[in-house]
Amino acid sequence: MIVSGRSGSVICVEIDDMRLRLPGRSTDETDPTASEGAGSAGPRKAAAEPGAEVTDAPAPTDGRGPKLQRAMRNLAIASAQFLLISAAVVALFWVLGKLWSILLPIVLGLLIATVLWPATRFLRKHRWPPALAASVVLLAAVAAFVGIIVAIAPSVANQVTELSNAATTALQDVQEWLQGPPFNFGEDQIGSAVDSVINSIQNNAQNIAGYALTGVSVVGNSLLNLVLALVLVFFFLKDGPRFVPWMSAQTGPRAARHVAALSYKSWDTLSEFIRQQALVGFIDAFFIGLGLWILGVPLVIPLAVLTFFGGFVPIIGAVVAGAFAVLIALVSNGFTTALIVLGIVLLVQQLEGNVLQPIIQGRGFNLHAGVVILAVTAGSSLAGIIGAFLSVPIAALIAVIYRYIRDELDGRAPEVAPDGTRAGITGDETGTAVVRERVTTPEGRPATPPDSDPPR
């Protein structure tokens, strides 16, 4: 503020804390102009009426509302997409459930065909007609299976009488054991217990008959599916090489090579599954059979064969084969040997189920061992024994398709084989064929396929 003195001199006086009070303004409110001129770093606090509630939370800005609306809109779109995908998955499983009686023989036929295809391919390369090669290989496989059954049947028949006599002796030993300490049951008590069991069976004869008829129906359906699967195996072996060109011809030129590449990858995955299941079953049969042979249990070869084929039916197959081994050991060699056999069976099955099988299948299918275990659990809960048997190859096929799509989106050319070629189609209106074409980069160098994912 400038003040003029009497002598005409100018006196500069600096007056602090002098502000012009405006109507309706608080006296302690900071002037925004003064605050900015003073270089204040923080925002000024909002004015409030005397006695009003005050919080330290910042006041909403003008952009909060539109941002919230966009977030809600994105959440609604994502929720709608999730519901649509879930509905599509449920509908797909419903359709598969309705068509399961048709799909099951097809899947079983494909799995059997993967085992018999190498021999069929060998004969076809030596100029055998496709129908003749498929017939010879299929009949040879059926004859080998029947031959195994016929080979072990005499040993089983020869020892049936001995096992029946041993079973009678074992029942007498159990009765004497119950009559002695610490149970001290009398003959009348044991007789009444046996009578009660017989009466219970007679009273539930109708239910037991119903269960038996259900079991016979299941066995009949299984045999029918097996016969249908064998018929399909013949056609898969005879006309299998035509399926990939036919499927590729139903698509466009750009999609044809992807259809062919995925078909070959899926076939290799199924073949790997069968080989690994056979390896796991062989290991089970070898070690359990070795234990039975050392302990002197009869029917070692039939039990080993049963264990091998039981390995192709996860959970139930191993349990049934192990139960037969323990039962025969109990009847023939006594309680102590049966306990030892039970320990061997449990040890081998635990190592196979929790260690060996996840590691072998995880490495072959490029799946984590935990994924293999969860897939078997989910398949068994959804479709029982068949679901447990098919869960691992289905999980592997899903992984193959996912990685193929991922590599394709990343531009890694997953259709290129390890030898630098890819499947292509050629032909005209008279027919279509799949050919292997060399893939080169724009620089003229051979293309290389994407590196396989490391085991996880």
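Look a little higher up for the structure.
Everything numeric in this text was worked out from a predicted model, so none of it was measured.

Helix and strand content of the protein: eleven helices and four strands. Here the contacts in the protein between residues at least 6 apart in sequence split such that 60% fall between residues at least 24 apart. Entry remark: accessible area of the protein is about 30,700 Å², with carbon and sulfur atoms responsible for 67%.

This part covers the packing of aromatic side chains. Scanning all chains against the criterion turns up four aromatic pairs. Their ring planes at 70° and their centres at 5.3 Å tell us that F234 and F235 sit as a pair that is edge-to-face. Relative to F286, the ring of F282 has its centre 6.3 Å away and its plane inclined at 25°; by these criteria the two rings are stacked. Highlighted residues: F282 and F286, both in helix α7 (residues 253-295), separated by four residues, approximately one helical turn.

Moving on, we come to the nonpolar core. Core analysis: the biggest nonpolar cluster contains 16 residues, and L111, F273, L367, F389 and V392 have the highest contact counts within it. Every element with two or more residues in this core is listed here: α7 and α11 (369-409). Among the elements that make up this core, the one with the highest residue count is α11 (ten residues). Within the second largest apolar cluster, 14 residues are counted, among which are I288, L292, L303 and I328.

Let us now look at the packing of helix α3 (residues 100-125) against α7. Following both chains from N to C, one finds α3 and α7 inclined at 85°, their axes separated by 9 Å at the closest point. Taken as axis vectors, α3 and α7 run roughly perpendicular relative to one another. Side by side, α3 and α7 meet where L110, L111, A113, T114, V115 and W117 of the first sit next to W267, L270, S271, F273 and I274 of the second. Residues of the contact of α3 with α7, tallied by class, amount to nine nonpolar, two polar and no charged.

Moving on, we get to unusual backbone geometry. Look at R127: it is not a glycine, yet its phi comes out positive at around 70°. Of note, R127 is situated in the loop between α3 and α4 (130-179). Despite not being glycine, A413 has its phi angle at roughly 55°, a positive value. Within the secondary structure layout, A413 lies in the loop between α11 and β3 (421-428).

Here we come to α3. In this model α3 runs 36 Å from its N-terminal to its C-terminal C-alpha over 26 residues, within 8% of the 38 Å that 1.5 Å per residue would give. Considered for burial, the residues of α3 that qualify are L104, P105, G109, L111, A113, T114, L116, W117, T120 and L123. After α3 finishes, the residue R127 shows a positive phi value of roughly 70°.

In terms of strand pairing, β3 meets strand β4 (residues 431-438) through eight bridges, oriented antiparallel. Directly across from D428, in β4, lies its bridge partner G431. The hairpin turn running from β3 into β4, its antiparallel successor, is two residues long.

A few words on the pattern of salt bridges. For the coordinates displayed, the defined rule picks out four salt bridges. The partner of D239 in a salt bridge is K238, with the nearest N and O atoms 3.0 Å apart. Residue D239 is classed as buried on the basis of its relative accessible area of 15%. The shortest N-O distance in the salt bridge between R412 and D407 comes to 3.1 Å. Of the residues examined, R412 reaches a relative accessible area of 31% and is grouped as partly exposed.

What counts, and where the lines are drawn
- Residues numbered from 1 in each chain as written.
- Predicted model: local features only at pLDDT ≥ 70, side-chain atom pairs only at ≥ 80, totals over all residues.
- Heavy atoms only, no water.
- Helix = DSSP H or I, 4+ residues; strand = E, 2+ residues; numbered from the N terminus.
- Contact = heavy atoms within 4.5 Å.
- Areas by Shrake-Rupley, 256 points an atom, 1.4 Å probe, with all protein chains shown as cover.
- Phe/Tyr/Trp six-rings, centres within 6.5 Å; stacked < 30°, edge-to-face > 60°.
- Core = buried A, V, L, I, M, F, W, Y, C linked by side-chain atoms within 4.5 Å.
- Buried < 20%, exposed > 50% of the residue type's maximum accessible area, 1.4 Å probe, protein only.
- Axes fitted to C-alpha atoms, helices over the stretch in contact; angles between N-to-C directions.
- Parallel < 35°, antiparallel > 145°, perpendicular 65-115°, else oblique.
- Nonpolar A, V, L, I, M, F, W, Y, C, P; charged D, E, K, R; others polar.
- Expected span 1.5 Å × (residues − 1).
- Pairing = 2+ DSSP bridges.
- Salt bridge = Lys/Arg side-chain N within 4 Å of Asp/Glu carboxyl O.

These figures come from the coordinates and say nothing about function on their own.
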